[in-house]
Amino acid sequence: MKTDVEELTPTRVKLTVEVPFDELKPNLDKAYKEISQQVRIKGFRPGKVPAPLIDKYVGRGAVLQEAVNDALPELYGRAVEETEIFVLGQPEVEVTELQDGDKFAFTAEVDIRPKFEVPEYDGLEVVVDTAEVTDEQVEETLGNLRERFASLTTVEREAQDGDFATVDLAARIDGEEIADATTTGYSYEVGSKSSIEGLDDALVGMKAGESKTFTSKLAGGEHAGEDAEVTVTVQSVKVKDLPAADDEFAQMASEFDTIDELREDVRTRLGRQVRLQQLSDARDKALEALLEKVDIPLPEKVVEEEISRRNQQLEQQLAMAGMTKEQYLADEEKDEETFEQEVADAARLAVKGGFVLDQLAVQEELGVENEELSEYVVTQAMQMGVAPQQLAQYLTENNQLPAIVSEVLRNKALNLIVEHVTIKDEAGNEIDAEAVRRELNGETGETVEAAAEDAVEEAQEIADAAADAADADESDAKAAQEANAQAEAAADAEDKAEGTGDKKDA
C-alpha cells in the first residue's frame, strides 16, 4: 500500500492511498460469502452459491462495492498510522479508482492537530488569591448550617417577606382552568421571587384562608408565555425559627461539644477549600500563561463542534433548572451576540489548550500506569455518586477507554506545567503547590486510599485494556487519538463507497 500526504492547510491534509488489488482478496471472499447467504438461486442452498453465479445474477460491481466498504476502515487506519499524523474527527473519503483485478485507490481529507513544539514553560509566574478565611465567612457558613436545622412555626398574622406560605394556585385562561398550572399545598418563601411574576406582591398582607387573583404570564407548559388569571389561596403562614448558635446547637449539628469547637472546625474546612481553590486557579492560570506563548491555527470544524457541545450542555442545564435561554441572558445581563462571542472564545481556548497538553505529553514522553487509570475511575465514581465497578462497566461498554487515556495524560501534562511555574498569592508570598497538595491529601488521603483499594480489583480490567490501547503506538496521546479516529471510521464504513468517484463522509 502506498500513501501520499498533501497538506491542504496547517490543520487539514489529504491522504492519497493506492492499494494493490490483491490486498482486497480477503474482503472479496467475505463479500461473496455474505451475498451468498442473501441470494436465492434455484438448486443452491443459502451460502453455497458459487462466485460465478453471484457475478452473473447479482453483478460483480455489487461484490466490489461490498468489499470496498469492508476494506476502507482498516486501510484508512493503516494510512493514518504509517503517515504518523494526529487526526481529528471523521475523514471525507472518495474512491478515485477501482479497476477490477488491477488497482484500487481512494483519498481521505481529514482535520489534523497542527504541528508545533510546546515552548519553554519553566519560570512562568502566576498570581492567585490569598488563602485567607475571614470571620464573616465563618459566620456565613455557620448561618447556613443553622438554616438546615431551622423549623417553621405557624403564625396568625399577615404574610411578610421571609415568611413561608402554604398556598393553592389555580390559573385560568378565558375562564378555562389550566391543569398544568394548578397546584395545592405549595410551600413558598414570600419575597424569594422564585415563582411566577406577581405572586410575591399578592402574598404580602394575606392571611390564612384569604384568596387573591392577579394576572401573570405562565412560565411553562402548553400555555407558556400566555397571560393567565392566577388565583392564590393561603392555607397557612409560617415563620422560620433558627436555632441559637450555642453549645446545644453544636452538639445537635456536629460531633463537637461546644460552639467554639464547631466554629474552629468550620474555619479549618473553609481554609482547606480556599487552598484547594488556590491550586485549581494555579492550574488554570498556568495553562493560560503557557497558551499565551503559543500561536497555532485551529481546525474550524473542531471549534464548531466544541461550541455546539457547550451550547447543548447549557440547554440541558437550563432545562433542568426550568429556565429559558432568554431568562438566563437577562439574569447574566448579556445580549445574544455577546454571549455567543464568549462561548466561541471559550471554545477556541479549550481546543487550543487540549492541543498544547496533548503535544506536551508527546514531547515529555508521558505515559499512563494502570494505577493512575484505576484512580481516575475511582475519583470519577466518587464525584458521580456511583460504584467504581458500575462506572468501569459503563466505560468499557461504551468504548471510552481511549478518552480515559487522553484525559489522564492531559492531567499529567498540566500537573507538569504547574510543577515548573512560580505561584504567588496577591500578597507576594510564594506557594509550594506540591507541599499544599501533600498537606491536603494528608487530611483526606486515608479515605481516598481506602476507596481506591476497594475498587482496584473492579477497575483493573479497564486499566489493563486502556493501557494496551495506550501502548499500541509511539505515545499514549497519539494512540488514544488514532484509536478514536479508527473507531469512528469503522462505524461509518458502509457509507464510504458506493462506486468509483462517489464521495462520502467516513
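Bear in mind that the values here come from a model prediction, so they are computed numbers and not experimental data.

Cut-offs applied
Residues numbered from 1 in each chain as written. Predicted model: local features only at pLDDT ≥ 70, side-chain atom pairs only at ≥ 80, totals over all residues. Heavy atoms only, no water. Pairing = 2+ DSSP bridges. Helix = DSSP H or I, 4+ residues; strand = E, 2+ residues; numbered from the N terminus. Buried < 20%, exposed > 50% of the residue type's maximum accessible area, 1.4 Å probe, protein only. Arc of directions from axis to C-beta. pLDDT = per-residue confidence, 0-100. Contact = heavy atoms within 4.5 Å.

Caption draft 1: Highlighting the sheet that holds strand E13 (residues 430–431). Strands sit in the order E5-E12-E13 across an open sheet of 3 strands; the sheet is mixed. The open sheet is flanked by strand E5 (125–128) and E13, the only strands paired with a single partner. With 2 bridges joining them, strand E12 (residues 422–425) and E13 adopt antiparallel strand pairing. Note that in E13 the partner of Ile-423 across the bridge is Ile-431.

Caption draft 2: Just helix H11 (residues 388–397), in detail. The complete set of buried residues in H11 reads Pro-388, Leu-391, Ala-392 and Leu-395. When H11 is viewed along its axis, its buried side chains cluster within an angular range of 100° and face the same direction. Just beyond H11, the residue with positive phi is Asn-399, at close to 55°.

Caption draft 3: The confidence of the model for the protein chain, seen in detail. On average, residues of the protein chain carry a pLDDT of 84, and 87% of them reach 70 or more. Here residues 444–463 scores under 50 on pLDDT; set against residues more than four positions off or in separate chains, the count is 21 contacts. Throughout residues 465–506 the model reports pLDDT below 50, and contacts reaching past four residues in sequence, or to other chains, amount to 99 contacts.

Caption draft 4: A look at the pairing of strand E4 (residues 103–112). The element E4 is extensively covered by neighbouring structure, given that 8 of its 10 residues are classed as buried. Sheet analysis places strand E3 (residues 87–99) next to E4, joined by 9 bridges and oriented antiparallel. Its bridge partner being in E4, Val-93 is matched across the sheet by Ala-108. Connecting the antiparallel pair E3 and E4 is a turn made up of 3 residues, with Gly-101 showing a positive phi of about 85°.

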